[in-house]
Amino acid sequence: MADEGPRGWGAPLYARVLEAAQVGTGTSVLDIGCGSGVFARAAADRGALVSGVDSDPSAVAAAAAAVPEGTFRVGDAHDPPAGPFDVVAAVQLLAHVTNPLVVLRGAARVGGVVAVTAWGREQECDVRLFGDALARWLPPRPQPGGPPPITEPARLRRLVELAGLRVDSFDEVPCPFDYPDEDALVGPLLASGMGRHAANRAGPGAVREAVLRRLAGNRTPEGGYRLHNLFRVLVARPV
Ligand SMILES: C[S@@+](CC[C@H](N)C(=O)[O-])C[C@H]1O[C@@H](n2cnc3c(N)ncnc32)[C@H](O)[C@@H]1O
């Protein structure tokens, strides 16, 4: 969600979704897995009539506060409200749901346009460097098995097609994560589950040192840090 990265990181992603789905004044948008409403806010700022659902009640409360003119409720993206909506957006949702195909079929049933986003492949996203830095203090990563992840563009496209949608556009969107200084880089990591786990084993000082060493190549001339990440935006219509 918006807290996947530093404040404002998602602006280019949201702008691409809104442009590709042609969201403007009066467009009805259902935001499934709306989180704290940052994308919904961007849609409403373009004049869209926004509704949102999320399974997390605290996210729904935050979205309602961020977009007072919208309508938000606790709900399951596998079973969206009937609509119909001009656009259904699943922004950074599909990797989190039990069955992405069912979610996409539901979106295709109630939306004239369906827009989805996903992280790029691991090697396309510098955020993997946090995990690299802490790997020695973390449990071994499970061996990949089963189908390829949603981050694999061919799988995302295939899921969308299997849901009865025809792909209109499939774009790559760079979204750098910018941190003004070392504290801004390390602080949120130490507060995360992964950072807490590592710090419990090695201590926060060792974690900080490991992260700064691993991300030395991402340091900017101003003393901040820039992590280059790629996301994908797919826009499709029911066949
Ligand atoms: C990574 S966050 C993305 C939030 C938001 N779309 C954004 O881009 O900032 C994923 C969100 O999906 C919600 N979520 C996960 N499974 C869901 C489901 N089955 N139905 C509705 N929301 C779900 C989570 O509660 C969380 O808010």
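Data block above holds the structure.
Everything numeric here is computed off the predicted structure, so don't read it as measured data.

**Some points on the overall build of the protein chain**
Stage number 1. Secondary structure assignment for the protein chain yields nine helices and nine strands.
Stage number 2. In terms of overall dimensions, the protein chain is globule-like: its C-alpha atoms have a radius of gyration of 19 Å, near the 18 Å expected for 239 residues.
Stage number 3. Principal-axis analysis of the C-alpha atoms gives the protein chain an extent of 55 × 40 × 35 Å.
Stage number 4. Per-residue burial over the protein chain gives 39% buried out of 239 residues.

**Digging into helix H1 (residues 11-20)**
Stage number 1. Turning to H1, its buried residues number three or more, namely Leu13, Tyr14, Arg16, Val17 and Leu18.
Stage number 2. Where H1 is buried, its residues meet helix H2 (38-45), strand S4 (85-90), strand S5 (111-119), strand S6 (165-174) and strand S9 (230-238).
Stage number 3. Immediately downstream of H1, the backbone of glutamine 22 shows phi near 55°, a positive value.

**Focus on helix H4 (residues 100-110)**
Stage number 1. All of the buried residues along H4 are Pro100, Val103, Leu104, Gly106, Ala107 and Ala108.
Stage number 2. Packed against the buried residues of H4 are strand S1 (28-32), S4, S5, helix H6 (153-162), S6 and S9.

**Section: the pairing of strand S2 (residues 49-54)**
Stage number 1. Where burial is concerned, most of S2 is hidden: five out of the six residues are buried.
Stage number 2. On the question of chirality, the crossover connecting S1 to the parallel S2 by way of H2 is right-handed.

**Considering the sheet that holds S9**
Stage number 1. In space, the seven strands of this open sheet follow the order S3-S2-S1-S4-S5-S9-S6, with mixed pairing throughout. In this open sheet, the two edge strands, each paired with only one partner strand, are strand S3 (71-74) and S6. Between one strand and the next, the sheet's axes are offset by a mean angle of 15°, whatever the strand orientation.
Stage number 2. Here S1 runs beside S4; their pairing, made up of three bridges, is parallel.

Rules and cut-offs
Residues numbered from 1 in each chain as written. Predicted model: local features only at pLDDT ≥ 70, side-chain atom pairs only at ≥ 80, totals over all residues. Helix = DSSP H or I, 4+ residues; strand = E, 2+ residues; numbered from the N terminus. Rg over C-alpha atoms; globule rule 2.2 N^0.38 Å. Buried ≥ 20, exposed ≤ 12 C-beta atoms within 10 Å, placed from the backbone. Contact = placed C-beta atoms within 7 Å. Right-handed = clockwise from strand over helix to strand, strands pointing away. Pairing = 2+ DSSP bridges. Axes fitted to C-alpha atoms, helices over the stretch in contact; angles between N-to-C directions.

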